[in-house]
Amino acid sequence: MKKKPMNYLFFLSMAISFTASDSLQGAILHVSGDAEIGGDGSSWEAPLSAIGEASALAGSGDQIWIKTGTYNEAIELVPGIELYGGFAGTEATDEFELRRPDLNITTIDASGLNTSVVLGASGSLLDGFTITGGVAPRGGGIACFGTAMTINHCKVVGNRAEALSGESAYGGGVYCTSAALTVTNSEFSNNRVSGAVLLNESADVGPFGGDTYDENGNLASIGLDASDEFGGFGGGLYLSGGPFVLENLDILDNRVIPDATGFVGQSRGTMGLRAKGGGVFVRGRVNVTGCEISRNEAVTESIPATAICQGGGLFVDGEGTVRRTFISMNSAGYYTSGGAHAKGGGFLVSGTGAFSNCVFSDNSVQAYAFNGGWSDFGSGGFGDGDLVFTNCTKEFDSGSFYLLGSASFTNSIVSLNSQIIPNATVKFCDVTGLLEHFPGNGNIDQEPRFVDPENDDFRLRPDSPLIDAGTDVMLSEDILGATRPVDIPGVGRDGPGAFDIGAYEFQLADLPTPTPTRTSTPTATPTPTFEDLIGDIDENEDLNELDLLLLAMDWHRVDVGEATSQWGMKTNLNDDNRVDSLDVLIFLNDWLRNH
């Protein structure tokens, strides 16, 4: 089972969060879908019938409370107002904390209106809504043009950005440009960027989208073509400007798939169709914390043109800081009769990027060009600039990172493309078959021993060689928000700098609880009584330093029969025919629970 960052699940965060101002300022307007004609919005007894009507009447500092239901409309916010969904329609003005957006679903659905669902405004807040059914060239769900606003506890799902002929499409879920945006505790899923794009001969990017190669045929730089781009960008979110804050978000199953129906009769290699940022596209500065970015795609299909597909999960052109985030099962790819390339199944960063406590799993690049040149790089991720990875986990079997420029890895589990070795600094990492290139510096090449990698559980088992094998990197928590570091005495490095390698820090609570009765297969049992404690080796009903000394005397004995102390049969606490760190962990578990 995949372990998600703390306070991450959407509905849980909505259910427990009742964040109103300590002192309400301005008026409160009430909206109910079953309102009778003539209401002024002053109470639930006299509500307005439409959200847009209330927004037009509100001013800066006012709040609009919306009763549960589905509202088939598109709304335009005004600066400084706060919209809240999730009300049952009975709450008094001093009972904001009774709001339950997880139970009282409030949906704004613009189906059939062919426009963005919400047009943002500076200083406004959108909290507790499902936003769906929007269709627009920019921002099918929410569009912010030069306006800084906040989105909280929302589901933005099933919206589309569709390009008109000769244009590009941006932001299936959200489009925000020339402004700052903060998005927290929300979900962006099943949004799409598509449409018919007619390109012209002036959009000449060549068969590889402006990439350059060295004399050995290795990729030297990528062509972003920031100006004069055509295609689709940002399946879930398109963000340009910033700074942007994305915190505790599910960004799932979004897709960028532009359609090149206007290419008929055009020659291959004279134009380029882009698909970038299947989950998120950022041009500027972004901070991402506690998110899951999964199953997003930046793809093109069956087009007679050059295809450039980049950043299946996350695309950043600028500065990206990513913390405590899962990036998994995203893809960038194409199926084309023209020249094509795909880069960065999980992410593509051009500029600077810092990743900490992140997991990269099962991302991919997929390429098929049956009538032209093609290239694909970095199924796990692609970087062109300065990238830093700290306490990250890159699943070994899901492809490598391809990084140009400089790259630094510390306390991480990584697999690296051989081309980037000269550009990478690697310290206290578990590398895959590349230890000869990174000798010393605390690096190892060993099986991490994850709990259940087949089900995306990349926590460390108690016998993992990565426990306490890292170095001090000044992080105070792991991907789940659990304490980091946790020193396990007798394992790896001891002391305050005993960090684990990878995104998860092994916790004392993860220590196994042995059965009091010796069996060939230990099984977990409820906490034993004192007289049944396994760690009481000399059986004097006193768990103390003498028991630890007896354990030390038999340290690293493989066959219990070789034990030198008279307590030899007792020091092998887990009956695995060896006295090792697992026995120390079992002893420590008993000690901590009874002292």
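You'll find the structure just up there.
Residues numbered from 1 in each chain as written. Predicted model: local features only at pLDDT ≥ 70, side-chain atom pairs only at ≥ 80, totals over all residues. Heavy atoms only, no water.

**Points about the overall build of the chain**
Secondary structure assignment for the chain yields five helices and 41 strands. The 595 residues of the chain split such that 56% are buried. Nonlocal contacts in the chain, meaning residues at least 24 apart in sequence, comprise 67% of its contacts between residues at least 6 apart. (Helix = DSSP H or I, 4+ residues; strand = E, 2+ residues; numbered from the N terminus. Buried < 20%, exposed > 50% of the residue type's maximum accessible area, 1.4 Å probe, protein only. Contact = heavy atoms within 4.5 Å.)

**Considering the side chain of aspartate 478**
By the secondary structure assignment, aspartate 478 is in the loop between β41 (457–460) and α3 (545–553). For the buried aspartate 478, no salt bridge exists, and the shortest N-O distance to an oppositely charged side chain is 4.9 Å, to arginine 484. Only 3.0 Å separates the side chain of aspartate 478 from the backbone nitrogen of leucine 480, close enough to count as a polar contact. In terms of polar contacts, aspartate 478 uses its side chain to reach the backbone amide nitrogen of glutamate 505, at 3.0 Å. Among all residues touching aspartate 478, those that are not within four sequence positions of it are Arg324, Asn357, Arg484, Ala503, Tyr504, Glu505 and Gln507. (Lys, Arg positive; Asp, Glu negative; His and termini not counted. Salt bridge = Lys/Arg side-chain N within 4 Å of Asp/Glu carboxyl O. Polar contact = N/O pair within 3.5 Å; in protein donor to acceptor, adjacent residues only side chain to side chain.)

**Quick word on the environment of valine 280**
Assignment of secondary structure puts valine 280 in strand β24 (residues 280–289). Between the C-alpha atoms of valine 280 and asparagine 296, which are 16 residues apart in sequence, the distance is 9.0 Å. Sequence-distant contacts of valine 280, that is, excluding residues within four places in its chain, are made with Leu237, Leu239, Leu246, Ile251, Gly313, Leu314 and Phe315.

**Focus: the packing of aromatic side chains**
Tallied over the entire structure, the rule returns 26 aromatic pairs. The interplanar angle of 70° and the centroid separation of 5.0 Å between the aromatic rings of tyrosine 170 and tyrosine 238 together place this pair among those described as edge-to-face. Residue tyrosine 170 is located in strand β15 (residues 169–170), and its partner tyrosine 238 is located in strand β21 (residues 237–252); the two are separated by 68 residues in the primary sequence. The residues tyrosine 170 and tyrosine 238 share a single accessibility class, namely buried. Three or more aromatic residues link up through ring pairs in this structure, and these residues are Phe145, Tyr170, Tyr175, Phe233, Tyr238, Phe281 and Phe315. (Phe/Tyr/Trp six-rings, centres within 6.5 Å; stacked < 30°, edge-to-face > 60°.)

**Observations concerning the nonpolar core**
One finds Leu83, Leu239, Phe355 and Phe389 to be the most contacted residues of the largest nonpolar core, which totals 68 residues. Apart from the residues lying within four places of it in its own chain, the contact partners of phenylalanine 389 are Phe347, Phe355, Phe360, Phe401, Leu403, Ser408, Phe409, Thr410 and Ser412. Counting 22 residues, the second largest nonpolar core, distinct from the first, contains Phe326, Ile467, Ile488 and Tyr504. (Core = buried A, V, L, I, M, F, W, Y, C linked by side-chain atoms within 4.5 Å.)

**Considering the pairing of β41**
Bridge count between strand β40 (residues 450–452) and β41: two bridges; the pairing is antiparallel. Following the sheet pairing, aspartate 452 is matched in β41 by aspartate 457. Where β40 folds back on β41, the antiparallel hairpin that results is connected by four residues, among which aspartate 456 adopts a positive phi of roughly 60°. (Pairing = 2+ DSSP bridges.)

**With respect to the state of the cysteines**
Following the criterion strictly, the structure yields zero disulfides and no others. With no disulfide partner, cysteine 358 has as its closest neighbouring cysteine sulfur the one in cysteine 392, 4.7 Å distant. Using a relative accessible area of 0% as the deciding quantity, one classes cysteine 358 as buried. (Disulfide = S-S within 2.5 Å.)

**A word on the side chain of asparagine 185**
Examined against the element boundaries, asparagine 185 turns out to sit in strand β16 (residues 174–189). A polar side-chain atom of asparagine 185 sits 3.2 Å from a polar atom in the side chain of asparagine 152.

**Here's the deal with the pattern of salt bridges**
Throughout the structure, instances matching the rule amount to 13 salt bridges. Its salt-bridge partner being lysine 67, residue aspartate 34 comes within 3.5 Å of it at the nearest N-O pair. Here aspartate 34, found in the loop between β1 (28–31) and α2 (51–57), pairs with lysine 67, found in strand β2 (residues 63–67); they are 33 residues apart in sequence, far enough to count as distant. Residue classification places aspartate 34 among the exposed residues on the basis of a relative accessible area of 55%. Note on lysine 67: relative accessible area 22%, which makes it partly exposed. With its nearest N and O atoms 3.0 Å apart, the salt bridge here joins aspartate 317 to arginine 283. Placement of aspartate 317 in strand β28 (residues 314–323) and of arginine 283 in strand β24 is noted, with a sequence separation of 34 residues between them.

**Some thoughts on unusual backbone geometry**
Residue proline 243 is reached from glycine 242 by a cis peptide bond, and omega for that bond is 10°. You can see proline 243 is positioned in strand β21. With an omega dihedral of 0°, the bond running from arginine 484 to proline 485 counts as a cis peptide bond. Assignment of secondary structure puts proline 485 in the loop between β41 and α3. The phi dihedral of asparagine 185 falls on the positive side, at around 50°, and the residue is not glycine.

**Regarding the environment of aspartate 34**
Spatially, the C-alpha atom of aspartate 34 lies 9.6 Å from that of alanine 50, the residues being 16 residues apart in sequence. In terms of polar contacts, aspartate 34 uses its side chain to reach the side chain of lysine 67, at 3.5 Å.

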